[in-house]
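So you can see what is in the structure, the chains are spelled out below.
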Amino acid sequence: MKKISLFLTAIIICTGAFSSKKDLKEFFDPARLAEVGVYYYPEHWEESQWERDIAKIKELGFTFIHYGEFAWAMFEPTEGVYDFAWMDRAVEIANKYGLKVIMCTPIATPPVWLTREHPDILIKREDGTTWDHGARQHPSSSSDYFREYALKLVDAMARHYGRDSRIWGWQLDNEPRTALDYNEGSHKRFRVWLKNKYGTIENLNKAWSTAFWSQVYSDWDQINVPQMNGLFTNNHMILDFQIFSSDEIASFLDEQTALIRRYNGGEQWITTNYIPAYEEGHLRKSKELDFHTYTRYMVYGENFGIGRKGYRLGHVERIAMANDFFRPIDGVYGVMELQPGQVNWGQINPQPLSGAMRLWLWHVFAGEAEFICTYRFRQPIYGTELYHYGIVGPDGVTVTNGGEEYRQFIEELELLRKKYNPAKTENPEGYEGRRTAILYNYENTLGMEHNKQTTEWNTLGHIEKYYNALKKFNAPVDIIDESGDFSKYKVMVAPAYQQLDRDLVARWEDYVQNGGNLVLTARSGHKNRNAQLWEAPFGEPIYKLIGAKIDFYDLLLPHTPDNVVMDGKKYP
Ligand code: GAL
């Protein structure tokens, strides 16, 4: 918990060898509790308005500003010719008003000249069509050319800003997501990835069970990325394609991070802003990033929340669970985007309930985030995001209701800072005894999606059920993966942990023998890591742990609920 006395709850693709990561705590003064900032796109507005806008950002109490995210065409108007002068002016105004700057690498929006010269940089979909210039997030992380070219820009940016003390830290790309890409580079890189994973084609044939339906390969070059919509495509192959695709995101981010670190010597932090898409696998995979941040939108008309007006508030676990997923990764995390009001991209775009923005801010704070950034300062008056709220409205000056809630939160935070007491380190009574881990591995989620056995199965819904129950006990929860230290937790829930190996089972046995309380749920331990059933009695690896054996499995239809009888007692 935060220490406050008021208790509230080829460019050369280099590795990190050049400079090591700094102790993260040095970037964030604990006495500040949290910093609050906002996105501003100088390139969207007349330069004559920049100072007026930035002065307003300062006046509202924000302490940092977020720049550059999609500005590649302005940073590199023609090939190899870089222009940072305009951004320098924006950085200097921020500095004049005492605002720290988060600088972004605008990888999601390559300039049109690059796309037209090299259409091979575009993501190709399964149906053979490609994405194109005119939107964003259309370039392929599996295109070697795109990687090389993007890294040239990152190099130029890092050369320019990597030693600039006005820059607090870096955000790479925007909401990187696992794209299932059919670009030629994807086929090529998939083969290399498989070779690294399996070593020999025989091993691959075994892991993919290619004797089934005559799918045997004799050479790596025969392998293409699999069709997701093929007629009963090999599910082991699909799983590998999905894991590969998330590795592609991670390795590209790592290449960018290592490059920037060469220049900044670890003096500015480096992160990216992930959507908490827990099933996609790229989250927490990048090893070079200093820490991770997430983006969260709570009200977008599709999420009904709780009660008649719940749709104006959003589901509570959307923030809580993201806090508990991101914080344990590096012990430090931030929230890069939180909506200041209505969005434009939902099916229906309602106003959040009055007070909702402030509530979300406090929920993020309770998760111990080091900073919270809102998207965005000015409501756009053109472009794809028309109707998206800002901290100020379309006139550029009138503070919105959301903006006022930010102002209020910042003022309240200032009061709380006065109560900061570094000597106060103990948690409330009973807190430690409730410390719980949820063990999560996205490969299980993907593996189960391929063999659901019932349309009623929803992996993330199943996990949320346990998460919400834990929160009702006021349990502090960390969502961890297998690299975590199990012994830190009195309780560990491993929901639907379908794919495992005997080493994990041995670790669990050890955990339990040392007093840990392990909760296993439906679908546990059915499969090995390649998502194949064990050549053993069904689910046999966990028999010792559960003190039982599994004779058979069964599935009910939704309209026929039934009971299980155990020791003479019926359970619905
Ligand atoms: C986010 C995205 C931002 C902006 C925002 C609008 O998902 O990262 O760039 O588009 O949505 O709500």
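What you see is a predicted model, and the numbers here were worked out from it, not measured in a lab.

Colleague: Requested: an account of the overall build of the protein, with residues and values cited.
Modeller: If you tally the helices and strands in the protein, you get 15 helices and 14 strands. Computed over C-alpha atoms, the radius of gyration of the protein comes to 25 Å, within 12% of the 25 Å expected from 2.2 N^0.38 for 572 residues, which places it in the range of a compact globule. Residues counted as buried form 53% of the 572 residues belonging to the protein. A gap of 5 Å separates the mean positions of the 64 positive and 77 negative side-chain charges of the protein.

Colleague: Got a sec to walk through the packing of helix H1 (residues 47-59) against helix H3 (residues 85-96)? Specific residues and values, please.
Modeller: For any two helices packed against each other, the geometry is given by the interaxial angle and the distance between the axes. For the pair H1 and H3, interaxial distance at closest approach is 9 Å and the crossing angle is 25°. Viewed along their axes, H1 and H3 adopt a mutual orientation that is roughly parallel. You can see that H1 and H3 cross each other, and the crossing is right-handed. Touching Glu47, Trp50, Glu51 and Ile54 of H1 are Trp86, Arg89, Ala90, Ile93, Ala94 and Lys96, all from H3.

Colleague: So what's going on with the confidence of the model for the protein? Which residues, and what values?
Modeller: As a note on interpretation, predicted positions should not be read in detail where pLDDT is low. Here the protein averages 94 in pLDDT, while 96% of its residues score no lower than 70. Scored below 50 in pLDDT, residues 1-18 shows 47 contacts in the model against residues more than four places distant or in partner chains.

Colleague: Could you give an account of the site of the ligand, naming the residues involved and the relevant values?
Modeller: Phe70, Arg136, Asn174, Glu175, Tyr297, Glu337, Trp345, Tyr375, Glu385 and His388 make up every residue found near the ligand. Separating an oxygen atom of the ligand from a side-chain N or O atom of Glu337 is a distance of 2.8 Å. Here His388 contributes a side-chain N or O atom positioned 2.7 Å from an oxygen atom of the ligand. Burial of the ligand by the protein amounts to 94% of the accessible area it has alone, namely 310 Å². In terms of residue class, the shell around the ligand is made up of four nonpolar, two polar and four charged.

Colleague: Report on the sheet that holds strand S1 (residues 35-39), specifying residues and quantitative values.
Modeller: In spatial order, the strands read S1-S2-S3-S4-S5-S6-S7-S8; together these eight strands close into a barrel with parallel pairing. Sheet twist, expressed as the mean angle between neighbouring strand axes with direction ignored, is 25°. The pairing of strand S6 (residues 292-296) with strand S7 (residues 333-338) spans five bridges and is classified as parallel. Note on S7: the bridge partner recorded for Arg296 is Leu338. Contacting S1, S7 and strand S8 (371-374), helix H11 (residues 401-417) runs over the sheet at an angle of about 155° to S1.

Colleague: Describe the pattern of salt bridges, naming the residues involved and giving the relevant values.
Modeller: Per the stated rule, a full pass over the model turns up 37 salt bridges. Glu59 is the partner of Arg407 in a salt bridge, and the nearest nitrogen-oxygen pair spans 3.6 Å. Of this pair, Arg407 sits in helix H11 while Glu59 sits in helix H1, and the two are 348 residues apart along the sequence. Note on Glu59: relative accessible area 48%, which makes it partly exposed.

Colleague: Account for the sheet that holds strand S10 (residues 477-480), naming residues and giving values.
Modeller: Read across the open sheet, the four strands follow the order S10-S9-S11-S12; overall the sheet is parallel. Looking at the sheet topology across the chains shown, the edges are occupied by S10 and strand S12 (517-520). The mean angle between the axes of side-by-side strands here comes to 20°, regardless of whether they run parallel or antiparallel. Across four bridges, strand S9 (residues 436-439) lies against S10 in parallel orientation. Bridge pairing in S10 links Ala437 to Asp478. Running over the sheet, helix H13 (residues 459-472) touches S9, S10, strand S11 (491-494) and S12 and is turned about 175° from S9. Each of S9, S11 and S12 touches helix H14 (residues 502-513); the most contacted strand, S12, lies at about 135° to it.

Colleague: Requested: an account of H11, with residues and values cited.
Modeller: Taking 1.5 Å of rise per residue, the 17 residues of H11 would be expected to cover 24 Å, and the 24 Å separating its terminal C-alpha atoms lies within 8% of that figure. Of the residues making up H11, those classed as buried are Gly402, Gly403, Glu405, Tyr406, Phe409, Ile410, Glu412, Leu413, Leu416 and Arg417.

Colleague: An account of a nonpolar patch on the surface is needed here, citing residue identities and associated values.
Modeller: Residues Phe212, Trp213, Leu231 and Phe232 make up a contiguous nonpolar surface patch of about 580 Å² in total accessible area. Here Leu231 is to be found in the loop between helix H7 (201-207) and helix H8 (235-264). With relative accessibility at 78%, the residue Leu231 sits in the exposed group.

Colleague: Tell me about the environment of Leu151, and name the residues and values.
Modeller: When you line up the elements, Leu151 lands in helix H5 (residues 144-161). Residues Leu151 and Phe252, spaced 101 residues apart in sequence, show a C-alpha to C-alpha distance of 9.2 Å.

Colleague: Account for unusual backbone geometry, naming residues and giving values.
Modeller: Excluding glycine, a negative phi dihedral is what most residues carry, and trans is how most peptide bonds are arranged. Residue Tyr375 is joined to Arg376 through a cis peptide bond whose omega torsion reads 20°. Relative to the elements of secondary structure, Arg376 occurs in the loop between S8 and H11. Unusually for a residue other than glycine, Ser214 sits at a positive phi of about 60°. Within the secondary structure, Ser214 is located in the loop between H7 and H8. The phi dihedral of Ala531 is positive, around 65°, even though this residue is not glycine. By the element assignment, Ala531 lies in the loop between S12 and helix H15 (543-546).

Colleague: Help me get a handle on the packing of aromatic side chains, residues and values and all.
Modeller: Taken as a whole, this structure holds 49 aromatic pairs when the rule is applied. Taking the centre distance of 6.3 Å and the plane angle of 20° together, the rings of Phe190 and Trp208 count as stacked. In this pair, Phe190 is assigned in helix H6 (residues 184-198) and Trp208 in the loop between H7 and H8, connecting sequence segments 18 residues apart. Each member of the pair, Phe190 as well as Trp208, carries the same accessibility label: buried. A centroid spacing of 5.6 Å and a plane angle of 75° characterise the contact between Tyr497 and Trp508, whose relative ring orientation is edge-to-face.

Colleague: Describe the environment of Asp173, with residues and values.
Modeller: Along the polypeptide, Asp173 turns up in the loop between strand S4 (167-172) and H6. With residues near it in sequence (within four places) discarded, Asp173 still touches Glu69, Thr105, Ile107, Ala108, Leu253 and Asn273.

Conventions and cut-offs
Residues numbered from 1 in each chain as written. Predicted model: local features only at pLDDT ≥ 70, side-chain atom pairs only at ≥ 80, totals over all residues. Heavy atoms only, no water. Helix = DSSP H or I, 4+ residues; strand = E, 2+ residues; numbered from the N terminus. Rg over C-alpha atoms; globule rule 2.2 N^0.38 Å. Buried < 20%, exposed > 50% of the residue type's maximum accessible area, 1.4 Å probe, protein only. Lys, Arg positive; Asp, Glu negative; His and termini not counted. Charge placed at Lys NZ, Arg CZ, Asp CG, Glu CD. Axes fitted to C-alpha atoms, helices over the stretch in contact; angles between N-to-C directions. Parallel < 35°, antiparallel > 145°, perpendicular 65-115°, else oblique. Left-handed = near helix turned anticlockwise from the far one by under 90°. Contact = heavy atoms within 4.5 Å. pLDDT = per-residue confidence, 0-100. Near = heavy atom within 4 Å. Polar contact = N/O pair within 3.5 Å; in protein donor to acceptor, adjacent residues only side chain to side chain. Areas by Shrake-Rupley, 256 points an atom, 1.4 Å probe, with all protein chains shown as cover. Nonpolar A, V, L, I, M, F, W, Y, C, P; charged D, E, K, R; others polar. Pairing = 2+ DSSP bridges. Salt bridge = Lys/Arg side-chain N within 4 Å of Asp/Glu carboxyl O. Expected span 1.5 Å × (residues − 1). Patch = residues over 30% accessible without salt bridge, like charges linked within 9 Å, V, L, I, M, F, W, Y side chains within 5 Å. Phe/Tyr/Trp six-rings, centres within 6.5 Å; stacked < 30°, edge-to-face > 60°.

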